[in-house]
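# Analysis of the macromolecular model
Each chain, written out:
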Amino acid sequence: MAGVPVAYQGNTSAAVAEWLNKGDNAWQLTAATLVGLQSFPGLVVLYGGVVKKKWAVNSAFMALYAFAAVWICWVTWAYNMSFGDRLLPLWGKARPALNQALLVGPADLPATAHYRADGSLETPALEPYYPMATVVYFQCVFAAITLILLAGSLLGRMSFLAWMLFVPLWLTFSYTVGAFSVWGGGFLFHWGVIDYCGGYVIHLSAGFAGFTAAYWVGPRAKRDRERFPPNNILFTLTGAGLLWMGWAGFNGGGPYAANVVASISVVNTNICAAMSLIVWTCLDVVFFKKPSVVGAVQGMITGLVCITPGAGLVQGWAAIVMGVLAGSIPWYTMMILHKRSKILMHVDDTLGVIHTHGVAGLLGGLLTGLFAEPTLCNLFLPVTNSRGAFYGGVGGAQFGKQLAGALFIIGWNVAVTSVICVAINAVVPLRMPEEQLEVGDDAVHGEEAYALWGDGELYDATKHGADDTEHGAHGLSSAVAPVSTPN
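Remember, it's a predicted structure, so these values are computed and weren't measured experimentally. (Residues numbered from 1 in each chain as written. Predicted model: local features only at pLDDT ≥ 70, side-chain atom pairs only at ≥ 80, totals over all residues. Heavy atoms only, no water.)

Our focus in this paragraph is the overall build of the protein chain. Counting its secondary structure elements, the protein chain contains 20 helices and four strands. Here the protein chain has a C-alpha radius of gyration of 24 Å; the compact-globule value for 487 residues is 23 Å, and the two agree. Over its C-alpha atoms, taken along the principal directions, the protein chain stretches across nearly 85 × 55 × 45 Å. Relative to its 487 residues, the protein chain shows a buried fraction of 55%. Taking all contacts inside the protein chain whose residues are at least 6 apart in sequence as the whole, residues at least 24 apart take part in 74%. Computing the positive centroid from 23 side-chain charges and the negative centroid from 27, the protein chain places the two 9 Å apart. (Helix = DSSP H or I, 4+ residues; strand = E, 2+ residues; numbered from the N terminus. Rg over C-alpha atoms; globule rule 2.2 N^0.38 Å. Buried < 20%, exposed > 50% of the residue type's maximum accessible area, 1.4 Å probe, protein only. Contact = heavy atoms within 4.5 Å. Lys, Arg positive; Asp, Glu negative; His and termini not counted. Charge placed at Lys NZ, Arg CZ, Asp CG, Glu CD.)

The next point concerns the nonpolar core. Among the nonpolar cores identified, the biggest contains 121 residues, and W74, F142, W163, F166 and Y175 are the most heavily contacted of them. The greatest single-element share of this core, amounting to 15 residues, is contributed by helix α4 (residues 132-151). With residues near it in sequence (within four places) discarded, F166 still touches L147, L150, M158, A213, T417, I420, C421 and I424. Counting residues in hydrophobic clusters, the runner-up holds six residues, among them V279, W280, W331 and M335. (Core = buried A, V, L, I, M, F, W, Y, C linked by side-chain atoms within 4.5 Å.)

What follows covers helix α10 (residues 260-288). Over its 29 residues, α10 extends 42 Å from the first C-alpha to the last, a length consistent with the 42 Å expected when each residue adds 1.5 Å. All of the buried residues along α10 are V261, A262, S265, N268, T269, C272, A273, S276, V279, W280, L283 and D284. Where α10 is buried, its residues contact α1 (22-50), α9 (233-252), α11 (293-307), α12 (316-340) and α15 (374-380). Here α10 starts with a cap whose side-chain oxygen sits 3.1 Å from the backbone nitrogen of V261, and that cap is N259. Immediately downstream of α10, the backbone of K289 shows phi near 65°, a positive value. (Expected span 1.5 Å × (residues − 1). Polar contact = N/O pair within 3.5 Å; in protein donor to acceptor, adjacent residues only side chain to side chain.)

This next bit is on the packing of aromatic side chains. Scanning the model with the defined rule gives 25 aromatic pairs in all. On the numbers, 5.7 Å between centres and 15° between planes, the contact of W163 with F166 is stacked. Taken together, the residues W163 and F166, both in helix α5 (residues 160-184) and three residues apart, mark about one turn of the helix. As far as the burial class goes, W163 and F166 line up, both buried. (Phe/Tyr/Trp six-rings, centres within 6.5 Å; stacked < 30°, edge-to-face > 60°.)

A few words on a nonpolar patch on the surface. On the surface, L161, M164, L165, L169, F173 and V427 cluster together into a nonpolar patch covering about 490 Å² of accessible area. With respect to the helices and strands, the residue L169 is situated in helix α5. (Patch = residues over 30% accessible without salt bridge, like charges linked within 9 Å, V, L, I, M, F, W, Y side chains within 5 Å. Areas by Shrake-Rupley, 256 points an atom, 1.4 Å probe, with all protein chains shown as cover. Salt bridge = Lys/Arg side-chain N within 4 Å of Asp/Glu carboxyl O.)

The tally for this structure, following the rule as stated, stands at eight salt bridges. K54 serves as the salt-bridge partner of D224, at 3.3 Å between the closest nitrogen and oxygen. Taken as a pair, D224 in helix α8 (residues 222-226) and K54 in the loop between α1 and α2 (56-83) lie far apart in primary sequence, 170 residues in all. In this structure D224 comes out as buried when scored by relative accessible area, which is 0%. Relative accessible area serves as the criterion here: at 4%, K54 is assigned to the buried category. Between R223 and E438 there is a salt bridge whose closest N-O contact spans 3.3 Å. In this pair, R223 is assigned in helix α8 and E438 in helix α17 (residues 434-439), connecting sequence segments 215 residues apart. Residue E438 is classed as partly exposed on the basis of its relative accessible area of 30%. Counted as one network, the salt bridges with shared partners bring together K52, K54 and D224.

Next up on the list: the packing of α11 against helix α14 (residues 353-371). Their axes nearest at 7 Å, the elements α11 and α14 cross at an angle of 35°. Here α11 and α14 pass one another in a crossing that is right-handed. Where α11 approaches α14, its residues Q298, I301, T302, V305 and C306 are matched on the opposing element by H355, T356, H357, A360, G361, L363, G364 and L367. In the contact of α11 with α14, the residues fall into six nonpolar, seven polar and no charged. (Axes fitted to C-alpha atoms, helices over the stretch in contact; angles between N-to-C directions. Left-handed = near helix turned anticlockwise from the far one by under 90°. Nonpolar A, V, L, I, M, F, W, Y, C, P; charged D, E, K, R; others polar.)

Everything listed here is a matter of geometry and, on its own, says nothing about what the molecule does.
Following this line, the structure appears as structure tokens:
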């Protein structure tokens, strides 16, 4: 240790082990916290602002509940199903991640050692230079945000009790399979499917699972589906800002270290998001003659989602190309194709998650199969000599792997989400009763987002005061009837 400053030495105290890299640990904890902030308050605020006033509390609460529930499930059984010892080619062994010796010991993802066809070791198992507790934290916030993104398809009508059951079931039987298969050392990981930081595991899963769940839950009330204006666009922008800035942790934490891959991934993330936002806004201006703020947020999200599968693996020019496509293809599917497709019109996907995350995640994964740069791939991927089709060689096969991996994730999520929804519906209704759908937050939670009397709020003379109107004449008995006001 001669010549090494004391601050960078190991064994300086009982809490600083020889294997601990303080810089990596500090960055990974920061990255995890940034991703956590994307969910709470990020998506909590975004959902609360982008929906109709009568659903602001319910929408925000669905996100908050999912964040809390995932934490308990994650440390109790789901972490090791996603990143622990192999049970099946697509699943890890369920066990708690609560033991002190495990959490303060060196991090280890045991199933990620990659072997050549002859059985010789090609790439050792991932062993970041920080405690296992840091990995458990980092991966937990990724699991949580996936459920919250999925919730965007179900806002404005799913029974909250059904949602409370759905979160642990979907995490256990759907998310853990995708995470282990692609990241934790499962069959897609070893086959060489590339998902740098969640284009498939998180966004493709959330998009198609959300769309499937929306089919089983059923649509919003007719009045809400016809007119669903945001109640606070400034709140929506606040949440969007937390999403964009938080993506530095989302993709920057992907390599499990504060290294050069983290740096280039953050730059590529911002390039693609900015390009996609600009393209989406231009298309709105050209076709609808007005630039939409909500449209710009959607373009930002599709750019962030599209770059995620390849953020640390593509060059800057490719990030621009991906941004152009992320701002145009999901725009087309949402604004044009959606209105022409019977199934898209039939299924009420409240926030269009199938477009912003499903289509964008699939697009990003396929484009990664085209643009993944060989040198960058060798800095990060377990399968040596990986590359996109644009660079020749085995790149053509890589694109095929990306397509096959996407089809597996889509198929698994559609099937398992359907089974979960049918099972829950056998116990409790998936959809709220009509009287709650008519009123919204005040009927479901007894709480309101704003101290204003309007659409979806029960009249209560003790809150709103008696008057000479019809409601005032009825007195307190009118509190059982919803107020009909213009949207």
